[in-house]
Amino acid sequence: MKKRDIDQELDDFGRFAEPALLILVSLADGPKHGYAMTEDIAAVADVRFGPGTLYGAIARLETRGLIERLEADDRRNPYRLTALGEKALRARLASMQAVMRIGQRRLASP
Amino acid sequence: MIVRWLLGLYPRGWRDRYGAEVSALVANEPVTIRLILDLFAGAVDARLHPQPVFRRTPSAGQESFTMSTIFAHCTPVDVTRADAWRSAGLMIALSVVVAGVYIWLKRTLGENAFLDALAAAFFPIAALGSSWDTYLKPYSFAAKVSIVSATAFVVLLISLLASFLSEAI
């Protein structure tokens, strides 16, 4: 898959694009189940997704092979980032960083 | 109680995969309007856009025509944005082609009740052809050709029959 295609993996998510990106960020440091993801995202981004939104994004990420479900430790299944998910996250963060740099440079210029 | 009812609105495949997790997630949360609306919106989304990861593939004899199976069958699978654009382009191109055919036939044959009836069939046929990369995407080329041509034939037949009946009455 081309780098640009990977960067566009989240483009078709519609209103689930932001939750999906934050889920990928949350899983970047290791597997988490839904509750842990919700808490982590609330701490990192100051936004708390409801279960309908969270699992709408999880289903899309699973379908595209960006995350995968692990064996349940009770009723809660942890999820982890796949290699493709890691590539997609890196590509998206890099493009966001490029946009951020340009925005800051333009704001700084008189 | 209301959370269980809301989870019942989700497709069975979704509930089988995520139901227990979501129940555990909301077990200790207060039931707020925001939670209710979020779960309801999630149920609508899961029905309108069933993801392959939770779509059920019932074995023979297990098929049941509930709303969820009908929605699941009617929703295109793995359709990318490029497919959707191609489909829109095909729809426009086919509409232009069938409009051209209609104008040519009208100029050639003159006023004709059967021709006007055929004109009514042109739009559904264009819409049918535009489903090549969306609803028909999972099928083989031969199956696509068979489905499109057979359905177009039936649509044309119905239009001609309607025209014949209106002339006869």
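Here the structure is shown first, and the text comes after it.
Criteria and cut-off values
- Within each chain, residue numbers correspond to sequence positions counted from 1 in written order.
- In the order they appear in the text, chains get letters beginning with A and ligands get numbers beginning with 1.
- With the structure being a predicted model, the display of local features is reserved for residues of pLDDT at least 70 and the display and counting of side-chain atom pairs for 80 or more, all residues being used for whole-chain, interface and lining totals.
- The basis for the side-chain values is all heavy atoms of the structure; hydrogens and waters are excluded.
- What counts as a helix is a DSSP run of H or I of at least four residues, what counts as a strand is a run of E of at least two, and both are numbered from the N terminus.
- Classification of residues uses two cut-offs on accessible area relative to the type maximum, computed with a 1.4 Å probe and protein chains only: under 20% is buried, over 50% is exposed, and between them is partly exposed.
- Contact criterion: two residues are considered in contact whenever any of their non-hydrogen atoms come within 4.5 Å of each other.
- Note on areas: these come from Shrake-Rupley sampling with a 1.4 Å probe, and a residue is covered only by the protein chains present in the view.
- Centres within 6.5 Å make a pair out of two Phe, Tyr or Trp rings, where for Trp the six-membered ring is used; the pair is then stacked when the planes are under 30 degrees apart, edge-to-face when over 60, and tilted otherwise.
- For this document, the term salt bridge refers to a Lys or Arg side-chain nitrogen within 4 Å of an Asp or Glu carboxyl oxygen.
- Residues grouped as a nonpolar core are buried Ala, Val, Leu, Ile, Met, Phe, Trp, Tyr and Cys residues, joined through side-chain atoms within 4.5 Å.
- By convention, the term buried area covers the 1.4 Å-probe accessible surface removed from two parts as they join, with the contributions of both added.
- Charged residues are taken to be Asp, Glu, Lys and Arg, nonpolar residues to be Ala, Val, Leu, Ile, Met, Phe, Trp, Tyr, Cys and Pro, and polar residues to be all remaining types, Gly included.
- Fitting a line to C-alpha atoms yields each axis, with helices limited to the stretch in contact; the angle taken between N-to-C directions then spans 0 to 180 degrees.
- Should an angle lie under 35 degrees it is considered roughly parallel, over 145 roughly antiparallel, and from 65 to 115 roughly perpendicular; all remaining angles are considered oblique.
- Exposure above 30% relative accessible area and no salt bridge define the residues that can form patches, which grow by joining like charges within 9 Å and nonpolar side chains of Val, Leu, Ile, Met, Phe, Trp and Tyr within 5 Å.
- Helix span is expected to be 1.5 Å times the residue number reduced by one.

A. Here's a closer look at the overall build of chain B. Assigned secondary structure in chain B consists of seven helices and zero strands. Counting only residues that meet the buried cut, chain B has 31% of its 169 residues in that class. A separation of at least 24 residues holds for 67% of the contacts in chain B among residues at least 6 apart in sequence. Carbon and sulfur atoms make up 69% of the accessible area of chain B, which amounts to about 10,700 Å² in all.

B. Looking closely at the overall build of chain A. Looking only at helices and strands, chain A features five helices and two strands. Sequence-ordered secondary structure for chain A, helices as α and strands as β, is α-α-α-α-β-β-α. Taking contacts inside chain A between residues at least 6 apart in sequence as the whole, the part at least 24 apart equals 54%. Total accessible area computed for chain A in this model is approximately 6,100 Å², and 52% of it derives from carbon and sulfur atoms.

C. Quick peek at the packing of aromatic side chains. Going through the model one piece at a time under the given rule, you end up with three aromatic pairs over all chains. Ring centres of Tyr10 of chain B and Trp14 of chain B lie 3.9 Å apart, and the angle between their planes is 25 degrees; on these two criteria the pair is classed as stacked. In terms of burial, Tyr10 of chain B and Trp14 of chain B fall into one category: buried. An aromatic cluster is built from Tyr55 of chain A together with Tyr10, Trp14 and Tyr18 of chain B, whose rings are joined through pairwise contacts.

D. Up close: the pattern of salt bridges. Enumeration over the complete set of coordinates arrives at nine salt bridges over all chains. Of the charged contacts, one joins Asp45 of chain B and Arg60 of chain A as a salt bridge, the two residues approaching to 2.8 Å between their closest N and O atoms. Remark: Arg60 of chain A occurs in helix H4 (residues 51-63) and Asp45 of chain B occurs in helix H3 (residues 33-48); the pair is interchain, linking two chains. The shortest N-O distance in the salt bridge between Arg86 of chain B and Asp83 of chain B comes to 2.5 Å. Pair noted here: Arg86 of chain B and Asp83 of chain B are both in helix H5 (residues 81-109), with a separation of three residues, about one helical turn.

E. Spotlight on the nonpolar core. Grouped together as the largest cluster of nonpolar side chains are 38 residues, with contacts concentrated most on Ile23, Tyr55, Ile58 and Leu61 of chain A together with Trp14 and Tyr18 of chain B. Breaking this core down by element, the ones donating at least two residues are helix H2 (17-27), helix H3 (34-45), H4, strand E2 (79-81) and helix H5 (83-108) of chain A together with helix H1 (2-7), helix H2 (12-26) and H3 of chain B. Other than its neighbours up to four places away in sequence, Trp14 of chain B contacts Tyr55 of chain A together with Leu7, Gly19, Val22, Ala46 and Phe54 of chain B.

F. Main features of the interface of chain B and chain A. Each partner contributes to the interface: chain B provides 24 residues, whereas chain A provides 26 residues. The contact between chain B and chain A buries some 2,000 Å² in all, and 51% of this surface belongs to carbon and sulfur atoms. For the pair chain B and chain A, the interface holds three salt bridges. Among the salt bridges present, the one from Arg17 of chain B reaches Glu62 of chain A, with a minimum N-O distance of 2.4 Å. Broken down by secondary-structure element, the contributors of at least two residues to the side of chain B that touches chain A are H2 and H3 of chain B. Here the residues of the side of chain B that touches chain A sort into 14 nonpolar, four polar and six charged.

G. How the structure looks around the packing of H4 of chain A against H3 of chain B. It is the contact of H4 of chain A with H3 of chain B, at a shortest axis distance of 7 Å, that shows an interaxial angle of 30 degrees. Judged on the interaxial angle alone, H3 of chain B and H4 of chain A are roughly parallel. Here Pro51, Gly52, Thr53, Gly56 and Arg60 of chain A of H4 of chain A lie close against H3 of chain B, whose contacting residues are Leu35, Asp38, Leu39, Gly42 and Asp45 of chain B. For the contact of H4 of chain A with H3 of chain B, the per-class residue count stands at three nonpolar, four polar and three charged.

H. Fine view of a nonpolar patch on the surface. All names here are of chain B. Residues Phe114, Leu160, Leu161, Phe164, Leu165 and Ile169 make up a contiguous nonpolar surface patch of about 630 Å² in total accessible area. With four residues, the single largest contributor to the nonpolar patch is helix H7 (residues 141-168). Relative to the helices and strands, Leu165 resides in helix H7.

I. Focus on H3 of chain B. For H3 of chain B, spanning 16 residues, the distance from its first C-alpha to its last is 22 Å, which sits close to the expected 22 Å at 1.5 Å a residue. All of the buried residues along H3 of chain B are Leu35, Asp38, Leu39, Gly42, Ala43, Asp45, Ala46 and Arg47 of chain B.

J. Main features of the environment of Gly19 of chain B. All names here are of chain B. Mapped onto the elements of the fold, Gly19 is located in helix H2. Using a relative accessible area of 10% as the deciding quantity, one classes Gly19 as buried. In this structure, the C-alpha to C-alpha distance between Gly19 and Arg4, residues 15 residues apart in sequence, is 9.5 Å. Not counting chain neighbours up to four residues away, the residues in contact with Gly19 comprise Leu7 and Trp14.

K. Here's a closer look at H7 of chain B. When the terminal C-alpha atoms of H7 of chain B are compared, their 40 Å separation across 28 residues agrees well with the 40 Å that a helix rising 1.5 Å per residue should span. Of all the positions in H7 of chain B, only Lys144, Val148, Ala152, Ser159 and Ser163 of chain B are classed as buried.

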